[in-house]
Amino acid sequence: MKKLLFKPAVDLSVDFAGIKLKNPVLTASGTFGYGEEFAEFVDLNKLGGVIVKGISLKAIKGNPPPRIWETPSGMLNAIGLENPGVDVFLSEKLPYLRKFDTAVIVNVFGYSLEEYVGVVERLGGVPGISGLEVNISCPNVKQGGIVFGTDLKAAFELLSALRKATKLPLIAKLSPNVTDITEFALAARDAGCDGLSLINTLLGMAIDVRCRRPRLANCTGGLSGPAIRPVAVRMVWQAAKAVALPIIGMGGIVTGEDALEFILAGASAVAIGTSNFVNPRATLDVLAGMEQVMLEQGAGDIKGLVGKVNVG
Ligand SMILES: Cc1cc2nc3c(=O)[nH]c(=O)nc-3n(C[C@H](O)[C@H](O)[C@H](O)COP(=O)(O)O)c2cc1C
C-alpha cells in the first residue's frame, strides 16, 4: 500500500451502524439507478456509498406514464417501484457495483410482510452488500392496503420480522406522511433496527386545469427536491432527539451547506436524490461543498458536527 504523503484536511469518514463509509455522501434510492447509470459522470469510488433503487422479490413494471411532473423547487413521481426483482439484481446489477470501493446499501420493499421477508432473506450472506434500507412506505395488500410506514403497529411488526430475517445492518426508511415522526423512530428502534433513513417523499398531487386531469396517471405521487428540505431537516432533528440510532438524512440536498444542515440536525450521513436529475455530478459537488465549508469553519471531523445545531 502506498504511504499517504499528506493527511486530508478534514476527516469525513463515518461508521454508520457498523458500515464503514469513507465519507457521508450516499445516493438516495431510486435516483441513481444501480450505480452504472451514473458511472460516466461520477467516479463511484469517491462516494461514501450507493443506495440502490428499491428491490422486490419479483420484477415490477411500475405505473403507466406520465410518472413524473416538475413542481416549484421539486418534482412529483409515481414510478410505481419498477425494478427487475431480486434475482436479476443479484445476477446483473450487483456484480458491477461490487467492483467499486464504495458501500452498497440495498433498498428493499414488498407488498406484504412475507414479500419483505422473502427479499431480505434472499440478500442474506451475499458478499458485497453492506446493509439494507427498508422502504416501509408501501401498502400491505393483504391488509386492505394499509401503508406499513404510516401505521405504528404495522411498521413495528414488519421491522421486527425483518430483524429476525437478517444479520445485515437494518436501516428503516421512514415515511414523512405521519403526524409524529418520533413515534416511528422509536418503533424502528424497538424493533431492533440499526439505523434510520429519512425522509421518503411527501404525498402530493398536481392537476392540469385545462383538461381537468391529474398530471400523473397514478393521480398522486411523491414530492421530492428542495421544496421538502425544511420538512426533512425538521424531521431528522426530531428523530435524532428521540432515539440514539444513526440517521441518513435526505430531502432536497443540492449543496454542501444543505448536507451540513442535516448533519447539524443529527444525521450521520446524507443521501442525494432529486439533485442527481438536475446535475448528474451532484453527489461529488455536495461532497466538495461540505469539505469546503468545514475548512472555512475549522471543523476537522464530520463526526464532531453531528447533532451540533445550537438551539440554546
Ligand atoms: C424518481 C424517484 C424514485 C424513487 N424511488 C425510491 C425507491 O425505490 N425507494 C425508496 O425508498 N425511495 C425512493 N425515492 C425517494 C428518495 O430516495 C428520497 O427519499 C426522496 O426523494 C427525498 O430526497 P430528495 O429530495 O433528495 O430526492 C425515490 C425518489 C424519486 C424522486
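Criteria and thresholds
- Residues numbered from 1 in each chain as written.
- Predicted model: local features only at pLDDT ≥ 70, side-chain atom pairs only at ≥ 80, totals over all residues.
- Heavy atoms only, no water.
- Pairing = 2+ DSSP bridges.
- Helix = DSSP H or I, 4+ residues; strand = E, 2+ residues; numbered from the N terminus.
- Axes fitted to C-alpha atoms, helices over the stretch in contact; angles between N-to-C directions.
- Contact = heavy atoms within 4.5 Å.
- Expected span 1.5 Å × (residues − 1).
- Buried < 20%, exposed > 50% of the residue type's maximum accessible area, 1.4 Å probe, protein only.
- Phe/Tyr/Trp six-rings, centres within 6.5 Å; stacked < 30°, edge-to-face > 60°.
- Lys NZ or Arg CZ within 6 Å of the ring centre and 35° of its normal.

1. Observations concerning the sheet that holds strand β7 (residues 103–108)
Stage number 1. With respect to topology, 8 strands assemble into a closed barrel ordered β3-β4-β7-β8-β11-β12-β17-β18, the strand pairing being parallel. Each adjacent strand pair in this sheet contributes to an overall mean axis angle of 25 degrees, direction not counted.
Stage number 2. As defined by bridge partners, strand β4 (residues 49–51) adjoins β7 across 3 bridges and the pair is classed as parallel. Across the sheet, the residue bridging to G49 is A103, located in β7.
Stage number 3. Helix-sheet contacts for helix α2 (residues 113–123) involve β7 and β8 (131–135), and the interaxial angle to β7 is about 160 degrees.
Stage number 4. Of the strands in this sheet, β17 (247–250) and β18 (269–272) are in contact with helix α6 (residues 256–265), which crosses β18 at around 140 degrees.

2. Thoughts on helix α3 (residues 152–165)
Stage number 1. The terminal C-alpha atoms of α3 lie 20 Å apart, and with 14 residues this matches the ideal 20 Å at 1.5 Å per residue to within 8%.
Stage number 2. Of the surrounding elements, those touching the buried residues of α3 are α2, β8, β11 (170–173) and α4 (181–190).

3. Describing the sheet that holds strand β13 (residues 202–205)
Stage number 1. Taken together, 4 strands build an open sheet; the order of strands is β5-β6-β16-β13 and the sheet is antiparallel. Since the sheet does not close on itself, it has two edges, and those belong to β5 (68–71) and β13, each with one partner. The sheet shows a mean angle of 35 degrees between the axes of neighbouring strands, direction not considered.
Stage number 2. With 4 bridges joining them, β13 and strand β16 (residues 220–224) adopt antiparallel strand pairing. Directly across from G204, in β16, lies its bridge partner G221.

4. Brief notes about helix α1 (residues 86–97)
A turn of α-helix holds 3.6 residues, and therefore any two residues three or four places apart point the same way.
Stage number 1. What α1 keeps buried is the set V86, F89, L90, L94, Y96 and L97.
Stage number 2. Structurally, α1 contributes buried residues whose contacts are with β4, β7 and α2.

5. Section: the environment of D258
Stage number 1. With respect to the helices and strands, the residue D258 is situated in helix α6.
Stage number 2. Residue classification places D258 among the buried residues on the basis of a relative accessible area of 9%.
Stage number 3. For the pair formed by D258 and G304, sequence separation is 46 residues and the distance between their alpha carbons is 17 Å.
Stage number 4. Contacts of D258, omitting those with residues within four sequence positions, involve R229, G252 and I253.

6. A few points about the packing of aromatic side chains
Stage number 1. On inspection of all chains with the given rule, the structure shows 5 aromatic pairs.
Stage number 2. When the centroid spacing of 5.9 Å and the interplanar angle of 50 degrees are considered together, the rings of Y34 and F89 count as tilted. A residue pair is termed long-range when its members are at least 10 positions apart, and Y34 in the loop between β3 (25–27) and β4 and F89 in helix α1 qualify at 55 residues.
Stage number 3. What makes Y34 buried here is its relative accessible area of 7%.
Stage number 4. Ring geometry for Y116 versus F148: centroids 5.2 Å apart, planes at 85 degrees, classification edge-to-face. Of this pair, Y116 sits in helix α2 while F148 sits in the loop between β10 (146–147) and α3; the two residues are 32 residues apart in sequence, bridging distant segments of the chain.
Stage number 5. The class for Y116 is buried, based on a relative accessible area of 0%.
Stage number 6. Here the basic side chain of K241 rests over the ring of W237, its NZ or CZ set 3.6 Å away from the ring centre.

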